[in-house]
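Residue-level structure breakdown
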Amino acid sequence: MTATVLIALEEHYAWNPASDDNVVAQWLLSNNKAGYDRLYDRGPLRLEQMDAAGIDFQILSLFDPGVQAMTDTALAVDYARRANDNLAETVREYPRRFGGFATLATQDPAAAAAELERAVTELGLVGALINGHVHGRYLDDPAYELLFEVAQDLNAPIYLHPTTPHPAVMDAWLAPYARDGLHLASWGFAVETGTHVLRLIYSGLFDKFPRLQMIIGHLGELLPYTAYRTDRYYGLGGDGVKRIEKLPSDYLRRNFHITTSGNFDPKAFACALDVMGSDRLMFSVDYPMDDSLTGAEFLAQYPMDERTRRMVASENAARLFGDRIPEL
Ligand code: ZN
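Nothing here was measured: the structure is a model prediction, and the numbers come from that model.

Before going further, it helps to spend a moment on the side chain of Thr-163. Residue position: Thr-163 is located in the loop between β5 (158-160) and α7 (167-174). A polar contact is formed between the side chain of Thr-163 and the side chain of Asp-64, at a distance of 2.8 Å. Apart from the residues within four sequence positions on either side, Thr-163 is in contact with Asp-64, Pro-65, Asn-131, Gly-132, His-133, Phe-189 and Glu-192.

Listed below in structure tokens is the structure:
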């Protein structure tokens, strides 16, 4: 539908045994068999949807929560390795259509760092996608510094993807309306992930690793909209000590890219583009939870100059991932 090269990078698949107990996959199996089949497919069904939308290339990632839900850490580490080996096979089979984000068992920070290195240097995956906190532990925990050091050294971006909010937040804020989905994509995912990003920024992670590149979806998990107040009131009410070298939104623009995954709202896009700049926005769908054609049509129709459109469609991703993805 458009001649513009399109790269989409928050595109999920399920794989057993890591997705065996996945709640959404089970729901799809009972309520939306076509959606279930698309989630598990890494071939014809997916390519048909991509072709219909004009999407040239998908970077695949294991569906939330994947191995991060597991309580047996050793098994999670083993499943992550097997999932990444398996994903690398798909990438080898369709090198011009699919790339892959590694999945990491963040239950074991040292194993996650080692697996990121293996996945990028030996398997040819482009980086990693992490589904938020793991059993309540966030990535600002110093135990993850090695993981981020590896990511920076390898120029391997880390996609911070939403997951179900922290159990204490679920209880205090969201549980009364869980039956309405308040804790999921309508609100809870964005607040959870936006808070996680600010924890990383406030921890000083990006002063330690200034070249580290991360990606967040859904047009920035509310952060572009709140950037002015986040900067203006950073430090207010605390002990007055500024523990980071820049303003929070400076790190957002220097260390993060944001994608359009599942958020095809022109008003939100205008805000994200204005706050982040045209070189920090990238196209994505959130397939199969969202619709590829809807996403592609949104990008084709949003009023912007053609240079900006090309940057968002593929050029920013091509620059970020370099020769880890093919020239399209
Ligand atoms: Zn997603």
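Before going further, it helps to examine the coordination of the zinc ion. Within the protein, Glu-10 (OE), His-12 (NE2), His-161 (NE2) and Asp-286 (OD) serve as the donor atoms for the zinc ion, at 2.0 to 2.2 Å. Considering all four donor atoms around the zinc ion, the spread of angles at the metal, 86 to 173°, places the coordination shape in the irregular class. In primary sequence terms, the donor set of the zinc ion follows E-x1-H-x148-H-x124-D. Within this pair, whereas His-12 is found in strand β1 (residues 7-13), its partner His-161 is found in the loop between β5 and α7, the two being separated by 149 residues in sequence. Of the two residues examined, His-12 and His-161, each falls in the buried class.

With that out of the way, let us pick up the pattern of salt bridges. Enumeration over the complete set of coordinates arrives at 14 salt bridges. Ionic pairing is found between Lys-33 and Asp-37, a salt bridge with its closest N-O pair at 2.9 Å. Linking Lys-33 with Asp-37, this pair stays in helix α2 (residues 33-40), spanning four residues, or about one helical turn. Judged by its relative accessible area of 29%, Asp-37 falls in the partly exposed class. Residue Asp-51 is joined to Arg-97 by a salt bridge in which the shortest nitrogen-to-oxygen separation is 2.8 Å.

It is worth spelling out the environment of Leu-328 at this point. Topologically, Leu-328 is positioned in the segment after α14 (306-321). Taking the C-alpha atoms as reference points, Leu-328 and Phe-57, separated by 271 residues in sequence, lie 8.3 Å from one another. Those residues within four positions of Leu-328 in sequence are excluded, and the remaining contacts are Val-5, Ile-7, Asp-56, Phe-57 and Arg-96.

Of the pockets and cavities examined, the largest pocket occupies roughly 1200 Å³. Every residue lining the largest pocket is counted, 50 residues in all, and those nearest its centre are Asp-64, His-161, Pro-162, Thr-163 and Phe-189. Residue assignment for the lining of the largest pocket shows that the elements contributing at least two residues are β1, α1 (23-31), α7, α8 (188-202), α10 (223-232) and α12 (266-276). Here the lining of the largest pocket takes three residues from α12, the largest share from any one element.

Conventions we followed
In every chain, residue numbers begin from 1 and rise along the written sequence. Totals for whole chains, interfaces and linings use all residues, but because this is a predicted model, local features are given only for residues with pLDDT of at least 70 and pairs of side-chain atoms are given and counted only at 80 or more. For side-chain calculations, the full set of non-hydrogen atoms in the structure is used, while hydrogens and water are omitted. Under the DSSP-based scheme used, a helix requires at least four consecutive residues in state H or I and a strand at least two consecutive residues in state E, with every element numbered from the N terminus. In protein, a polar contact means a hydrogen-donor-capable atom and an acceptor-capable atom, both N or O and within 3.5 Å, with residues adjacent in sequence counting only if both atoms are side-chain atoms; elsewhere, any N or O pair within 3.5 Å suffices. Here, two residues are considered to be in contact whenever any of their heavy atoms come within 4.5 Å of each other. Coordinating donors are taken to be N, O and S atoms lying within 2.8 Å of the metal, or within 3.2 Å when the metal is Na, K or Ca; because water is excluded from the atom set, some sites may appear incomplete. For four-coordinate sites, all angles between 85 and 135 degrees define a tetrahedron; for four- and six-coordinate sites, opposite donors beyond 155 degrees with the remaining angles between 65 and 115 define square planar and octahedral shapes respectively, and all other cases count as irregular. Accessible area is worked out with a 1.4 Å probe on protein chains only. A residue is then buried under 20% of its type maximum, exposed over 50%, and partly exposed in between. By convention in these notes, a salt bridge is any Lys or Arg side-chain nitrogen within 4 Å of a carboxyl oxygen on Asp or Glu. Here a cavity denotes a set of grid points, spaced 1 Å apart and computed over the protein atoms alone, in which a 1.4 Å probe fits but from which it cannot get out, and a pocket denotes an open set meeting protein on both sides within 12 Å along at least five of seven lines; residues with an atom within 4 Å of a point are reported as lining. Grid points are joined across faces, edges and corners, and a volume is the space filled by probe spheres set on the points.

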